[in-house]
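Close look at the chain arrangement
The chain contents come next:
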Amino acid sequence: MSVKRGEILGLLGPNGAGKTTTIRTILNIIQPDSGSIMFDGKEFSDAVRNRIGYLPEERGLYRKSTTINSILYFASLRGVAVQEGRRRAYDLLRRFDLLEYYNRKVEELSKGNQQKVQFINAVIHEPDLIILDEPFSGLDPINQIVLNDILMEMKRNGRAIIFSTHQMDQAEKLCDTICLIDRGRVILDGDLAAVRRKYGKESMQLGFVGNGEFLKELPGIRSVYLYENYAELVLTDGSSSSMVLNEIAGRSDIFELKKFELAQPSLNAIFLDLVGARHPQEGRD
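Sequence positions are assigned chain by chain, starting from 1 and proceeding in written order. In view of the model being predicted, local features appear only for residues whose pLDDT reaches at least 70, and side-chain atom pairs are presented and counted only at 80 or more, with totals across whole chains, interfaces and linings using the full set of residues. Think of the side-chain values as coming from all heavy atoms in the structure, minus any hydrogens and water.

Regarding the packing of helix 3 (residues 67-77) against helix 4 (residues 82-95)
In this analysis, axes come from line fits to C-alpha atoms, helices being fitted only over the stretch in contact, and the angle between any two N-to-C directions falls in the range 0 to 180 degrees. Here a helix means four or more residues in a row that DSSP labels H or I, a strand means two or more in a row labelled E, and each is numbered from the N terminus. Relative orientation of the contacting elements helix 3 and helix 4 amounts to 125 degrees, with a least axis distance of 9 Å. As summarised for this structure, helix 3 and helix 4 are arranged oblique, according to the angle between their axes. Seen along the crossing, helix 3 lies across helix 4 with a hand that is right-handed. Within the contact between the two elements, helix 3 uses Thr67, Ile68, Ile71 and Leu72 and helix 4 uses Val82, Gly85, Arg86, Ala89, Tyr90 and Leu93. Taken together, the residues that form the contact of helix 3 with helix 4 break down as 7 nonpolar, 2 polar and 1 charged. Any angle that is under 35 degrees is reported as roughly parallel, and any over 145 degrees as roughly antiparallel; angles of 65 to 115 degrees are reported as roughly perpendicular and all others as oblique. When the near helix sits turned anticlockwise from the far one by under a right angle, the crossing is termed left-handed; a clockwise turn instead gives a right-handed crossing. Note on contacts: a residue pair qualifies if any of its non-hydrogen atoms lie within 4.5 Å across the two residues. Under the convention adopted here, Pro, Cys and the residues Ala, Val, Leu, Ile, Met, Phe, Trp and Tyr are nonpolar, Asp, Glu, Lys and Arg are charged, and Gly plus all remaining residues are polar.

Some remarks on the nonpolar core
Phe96, Phe119, Ile120, Leu151, Met154 and Ile178 are the most contacted members of the largest nonpolar core, which has 46 residues in total. Residues in contact with Phe96, not counting those within four places in the same chain, are Lys116, Phe119, Ile120, Asn143, Val146, Leu147 and Ile150. To define a nonpolar core, start from buried Ala, Val, Leu, Ile, Met, Phe, Trp, Tyr and Cys residues and group those joined through side-chain atoms within 4.5 Å. Using a 1.4 Å probe on the protein chains alone, a residue whose accessible area is under 20% of its type maximum counts as buried, one over 50% counts as exposed, and one in between counts as partly exposed. Core analysis: the second largest hydrophobic core is formed by 16 residues, Leu9, Leu11, Ile23 and Leu129 among them.

Looking at helix 3
Regarding helix 3, the residues found buried are Thr67, Ile68, Ser70, Ile71, Leu72 and Ala75. Elements that come into contact with the buried residues of helix 3 comprise helix 4 and helix 5 (111-123).

A short note on the environment of Asp140
Of note, Asp140 is situated in the loop between strand 5 (129-133) and helix 6 (141-156). Residue classification places Asp140 among the partly exposed residues on the basis of a relative accessible area of 37%. N or O atoms within 3.5 Å of each other form a polar contact, as long as, within protein, one can give a hydrogen and the other can take it, and as long as residues adjacent in sequence are counted only when both atoms are side-chain atoms. Polar contacts involving the side chain of Asp140 include one to the main-chain amide nitrogen of Ile142, which spans 3.1 Å. Reaching out from Asp140, the side chain makes a polar contact with the backbone nitrogen of Asn143 at a distance of 2.8 Å.

Regarding the pairing of strand 11 (residues 230-235)
Where burial is concerned, most of strand 11 is hidden: 5 out of the 6 residues are buried. Strand direction decides the pairing type here: strand 9 (residues 203-210) and strand 11, joined by 5 bridges, are antiparallel. Its bridge partner being in strand 11, Leu206 is matched across the sheet by Ala231. At least two bridges found by DSSP between two strands is the condition for calling them paired. Pairing between strand 10 (residues 221-226) and strand 11: 5 bridges, direction antiparallel. The residue of strand 11 that forms the bridge with Val224 is Leu233. Where strand 10 folds back on strand 11, the antiparallel hairpin that results is connected by 3 residues.

Here's what the structure looks like:
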């Protein structure tokens, strides 16, 4: 796998696929049994380490430290002068609506605010490569937008970003390329738009009111991903959307179609289809 400057790579996979192990290998925390980790064509070194920012999934904050001191400490570890570190810290605290908490102890912050502080710690030194493990964890919708905007700015400024997540909708919105791994092996990778074109059978995306359980039994459907008021149907070869819609029309007693769209399969559908095929014992709709 590889990631370029000005690009966001989505590192995806089910639980236990090897995402965190891959990240720790990139960071030289775990030594690989074979192969190599290259940064700008050079082997990993301490100089490279200071050009990387890492946000782990688990909390890594000094709970008794104040917010500002925590940020300045991590900045100093990366060689950022105190005055410059303070300027960057206040700018990021302002963007995340955390200025009023700058002198609070980390342990007094909510989980969402701790996540924001941890993100600031990861990027305060303005790294060239940013590795984020579940960065949206604990963030409300407003702060997810703030984080999204900051990531897009970093991308425009030429940063390379590796983004590991279980949230397929976030990956679909943010990522330029993806690398889907399972059981330690790459099973799908490349440009996201090209992956969807290459993979895709035609997908029907439905918004509805009522009971959609019957959709699982319709002919001409390869996969059904059913939610409360939304469903995505992946058609088999030789099937057509008009055939499916005719079947749906016959169930108007229990099902009211509110929205219908033909599209390439969502990343979520591709993920479930590929991973589910490799884990048949776990079952899926």
